[in-house]
Amino acid sequence: MTAPVFSASAQRDWETLLTWRRDVRHFLTQPLPEGLLETLLHATCLAPSVGLSEPWRFVRVNTPERRAAIRQNFIRCNSHDLEGRSGEEAHRYATLKLSGLDEAPHHIAVFCDTAPLQGRGLGRATMPETTTWSAVMAIHTFWLTATAHGVGVGWVSILNPAEATTTLSINPNWQFLAYLCVGYAREPASTPELERRGWERRNAARRRWIDR
Ligand SMILES: Cc1cc2nc3c(=O)[nH]c(=O)nc-3n(C[C@H](O)[C@H](O)[C@H](O)COP(=O)(O)O)c2cc1C
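Here's a quick rundown of the structure. (Residues numbered from 1 in each chain as written. Predicted model: local features only at pLDDT ≥ 70, side-chain atom pairs only at ≥ 80, totals over all residues. Heavy atoms only, no water.)

**Quick word on the pairing of strand β4 (residues 174-183)**
The buried count for β4 comes to eight of ten residues, which makes it a mostly enclosed element. Inspection of the sheet shows strand β2 (residues 106-113) paired to β4 by eight bridges, in the antiparallel sense. Bridge pairing links aspartate 113 to tryptophan 174 in β4. For strand β3 (residues 152-156) and β4, the ladder comprises five bridges, and the chain directions are antiparallel. Of the residues in β4, the one forming a bridge with tryptophan 155 is leucine 180. (Buried < 20%, exposed > 50% of the residue type's maximum accessible area, 1.4 Å probe, protein only. Helix = DSSP H or I, 4+ residues; strand = E, 2+ residues; numbered from the N terminus. Pairing = 2+ DSSP bridges.)

Structure representation (structure tokens):
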């Protein structure tokens, strides 16, 4: 088998994809076409994982009751974060939209099985966290693949993880990693929303190597 060679144009397309991958908080309510979530999950499972353990567990959250409980969880945690801030920063925080939970047509919770039998422990002895990192890489793969299909993803972490795990009736030994809002973005953008709203900006120093 010969490995593919990626053309200069494919490399440019890849950079364009990275540039336009956004954390989306404003969604159209229109659901994705039948089968697209399966396509995204299949591509996601091409992600690397320690010992080939594939520790990610993608959960579709379908019932209105569970979605409502997650929304309440978010509202409580977000209010708590706001209360911990004061002055101008609190004012600015209050104006940010930090989830698309109300409109996104698809809700996906991502967990990590931190003690998977698959992979037989290979590579985890010195750094057990590699299991979690593997699942996070799968989330990023999902995010990029969704972008390639014109689909927006918003990562919601302002949640109480134990409560989310109970709400979704998930094995308490699985680690809650992310709650993803998925659907078509209202307004695609090539810069982060937090930058557009003046909360934070990309730092040029991060684009420089640290040499030793
Ligand atoms: C681990 C993680 C957790 C995040 N949690 C939230 C969140 O709870 N709410 C939110 O609005 N954005 C969340 N984000 C999105 C970031 O704010 C976003 O990635 C960052 O501002 C850069 O914007 P971009 O993803 O559009 O490039 C999260 C991103 C990551 C990687």
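Still more to cover.
**As for the site of the ligand**
Every residue close to the ligand is listed here: Arg21, Arg22, Asp23, Arg25, Leu98, Trp155, Val156, Ser157, Ile158, Pro192, Leu194 and Arg202. Take leucine 98: an N or O atom from its main chain is 2.9 Å from a nitrogen atom of the ligand. For the ligand, an oxygen atom lies 3.4 Å from a polar atom in the backbone of isoleucine 158. In isolation the ligand offers 610 Å² of accessible surface; the protein chains occlude 73% of this area. Looking at the shell around the ligand residue by residue, the class counts come to six nonpolar, one polar and five charged. (Near = heavy atom within 4 Å. Polar contact = N/O pair within 3.5 Å; in protein donor to acceptor, adjacent residues only side chain to side chain. Areas by Shrake-Rupley, 256 points an atom, 1.4 Å probe, with all protein chains shown as cover. Nonpolar A, V, L, I, M, F, W, Y, C, P; charged D, E, K, R; others polar.)

**Description of the packing of helix α1 (residues 8-20) against helix α5 (residues 130-148)**
At their nearest, the axes of α1 and α5 sit 10 Å apart, and the two run at 105 degrees to each other. Between α1 and α5, the angle is such that the two are roughly perpendicular. From α1, Trp14, Leu17, Leu18 and Trp20 reach across to α5, where they touch Leu144, Thr147 and Ala148. Split by residue class, the contact of α1 with α5 holds six nonpolar, one polar and no charged. (Axes fitted to C-alpha atoms, helices over the stretch in contact; angles between N-to-C directions. Parallel < 35°, antiparallel > 145°, perpendicular 65-115°, else oblique. Contact = heavy atoms within 4.5 Å.)

**Focus on the sheet that holds β2**
The strand order β1-β2-β4-β3 describes an open sheet built from four strands, whose pairing is antiparallel. Looking along the sheet, the strands with just one partner apiece sit at the ends: β1 (56-61) and β3. Each adjacent strand pair in this sheet contributes to an overall mean axis angle of 30 degrees, direction not counted. Against the sheet, helix α3 (residues 64-83) contacts β1, β2, β3 and β4, and its axis sits at roughly 75 degrees relative to β2. α5 rests against β1, β2, β3 and β4 of the sheet, and its axis sits at about 5 degrees to β4.

**Side note on the pattern of salt bridges**
Per the counting criterion, the structure on display carries eleven salt bridges. Of the charged contacts, one joins arginine 71 and aspartate 102 as a salt bridge, the two residues approaching to 2.8 Å between their closest N and O atoms. Here the residue arginine 71 occupies a position in helix α3, and aspartate 102 occupies one in the loop between α4 (87-95) and β2, the gap between them amounting to 31 residues. The exposure class assigned to arginine 71 is partly exposed, which follows from its relative accessible area of 23%. Put simply, Asp23, Arg25, Glu193 and Arg197 are held in one network by salt bridges that share partners. (Salt bridge = Lys/Arg side-chain N within 4 Å of Asp/Glu carboxyl O.)

**Some remarks on the environment of valine 151**
Here valine 151 shows up in the loop between α5 and β3. What makes valine 151 buried here is its relative accessible area of 4%. Between the C-alpha atom of valine 151 and that of leucine 36, which follows or precedes it by 115 residues, the distance is 9.6 Å.

**Side note on the packing of helix α2 (residues 36-44) against α5**
Two elements in contact, α2 and α5, have axes whose closest approach is 8 Å; the angle formed by their N-to-C orientations is 135 degrees. Considering their axes alone, α2 and α5 lie oblique with respect to each other. Read as a crossing pair, α2 and α5 show a hand that is right-handed. Of the residues in α5, those touching α2 at Leu40, Ala43 and Thr44 are Ala138, Thr141, Phe142, Thr145 and Ala146. Of the residues belonging to the contact of α2 with α5, the class tally is five nonpolar, three polar and no charged. (Left-handed = near helix turned anticlockwise from the far one by under 90°.)

**So, the packing of aromatic side chains**
Any pair of aromatic rings gets described here by the distance separating the centres and the angle formed by the planes. Inspection of every chain in the model, using the stated rule, returns five aromatic pairs. Look at tyrosine 93 and tryptophan 199: their rings are 6.1 Å apart centre to centre, the planes differ by 70 degrees, and that puts the pair in the edge-to-face class. Pair noted here: tyrosine 93 is in helix α4 and tryptophan 199 is in the segment after α7 (193-196), with a separation of 106 residues, a long-range link. Residue classification places tyrosine 93 among the buried positions, given a relative accessible area of 5%. (Phe/Tyr/Trp six-rings, centres within 6.5 Å; stacked < 30°, edge-to-face > 60°.)

Read these as layout, nothing more, since geometry by itself doesn't imply function.
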